[in-house]
Amino acid sequence: MTRAPHTQKVPLYRLGHSRSGDKGNISNLSLIAWDPECYDVLTAQVTEARVADWFAYRHPTRVTRYLLPTLHAMNFVLEGVLDGGVNDALNLDTHGKSLSFRLLDLTVEVSAELAARLPDIPGDRPAAA
């Protein structure tokens with residue numbers, strides 16, 4: 001990705017927060033923006049293809065993104081990423097709860113102005129625009 005002038009790469013946790021859930025061998029990850037400007041960045045840059053690539057080590061069979069613009073949120077459904085599900089997996093995180101934290105490490109490009117008002121610490125709310 002070629003960086004545009006006056007932009008910065010930042011991790012997703014600076015633009016929003018995430019939750020995870022599971023059912024069988026499927027994980028779903030919500031991504032909720034702090035505000036509408038952050039949501040616009042997320043919808044443009046956090047695509048099904050990027051999320052599938054980010055979680056390629058888990059070998060998803062399909063990644064589907066659902067947009068929830070009224071909530072400034074999106075939901076990703078990652079199929080085939082939980083090693084068979086809670087009752088079959090031998091890994092330590094059979095529910096996939098850590099996958100939401102992994103998603104928040106994905107980087108996106110934002111304007112220098114937006115970056116200046118975003119929190120540096122996960123969970124802090126951004127300054128008012």
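Everything quoted here is computed from the prediction, not taken from an experiment.

Caption draft 1: Looking closely at the overall build of the chain. The number of helices and strands found in the chain is 4 helices and 6 strands. Counting helices and strands in the order they occur from the N terminus, the chain gives β-β-β-α-α-β-β-α-β-α. Taking all 129 residues of the chain together, 44% fall into the buried category. In the chain, 66% of the contacts between residues at least 6 apart in sequence involve partners at least 24 apart. Carbon together with sulfur atoms contributes 55% to the accessible area of the chain, which is approximately 7100 Å² in total.

Caption draft 2: Up close: the side chain of arginine 14. Summarising the element assignment, arginine 14 is placed in the loop between β1 (7-11) and β2 (16-23). Once you skip the residues sitting within four places of it in the chain, arginine 14 turns out to touch Trp34, Ala115, Leu118, Pro119 and Asp120.

Caption draft 3: Just the packing of aromatic side chains, in detail. Here the structure, examined in full by the defined rule, presents 1 aromatic pair. Seen from the ring of tryptophan 54, arginine 102 lies directly overhead, with NZ or CZ sitting 4.0 Å from the centre.

Caption draft 4: Examining the sheet that holds strand β3 (residues 26-33) more closely. Taken together, 4 strands build an open sheet; the order of strands is β2-β3-β5-β4 and the sheet is antiparallel. Looking at which strands have only one partner, the edges of the open sheet turn out to be β2 and β4 (62-68). The sheet shows a mean angle of 15 degrees between the axes of neighbouring strands, direction not considered. Here 7 bridges tie β3 to strand β5 (residues 73-79), and the two strands are oriented antiparallel to one another.

Caption draft 5: Structural detail: the pairing of β3. With 6 of 8 residues buried, β3 is to be regarded as a mostly interior element. Of the pairings in the sheet, the one linking β2 to β3 comprises 8 bridges and is antiparallel in character. Paired with serine 18 across the bridge in β3 is leucine 31. The loop that links β2 with its antiparallel partner β3 comprises 2 residues; one of these, glycine 24, has a positive phi angle of about 65 degrees.

Rules of the game
Residues numbered from 1 in each chain as written. Predicted model: local features only at pLDDT ≥ 70, side-chain atom pairs only at ≥ 80, totals over all residues. Heavy atoms only, no water. Helix = DSSP H or I, 4+ residues; strand = E, 2+ residues; numbered from the N terminus. Buried < 20%, exposed > 50% of the residue type's maximum accessible area, 1.4 Å probe, protein only. Contact = heavy atoms within 4.5 Å. Areas by Shrake-Rupley, 256 points an atom, 1.4 Å probe, with all protein chains shown as cover. Phe/Tyr/Trp six-rings, centres within 6.5 Å; stacked < 30°, edge-to-face > 60°. Lys NZ or Arg CZ within 6 Å of the ring centre and 35° of its normal. Pairing = 2+ DSSP bridges. Axes fitted to C-alpha atoms, helices over the stretch in contact; angles between N-to-C directions.

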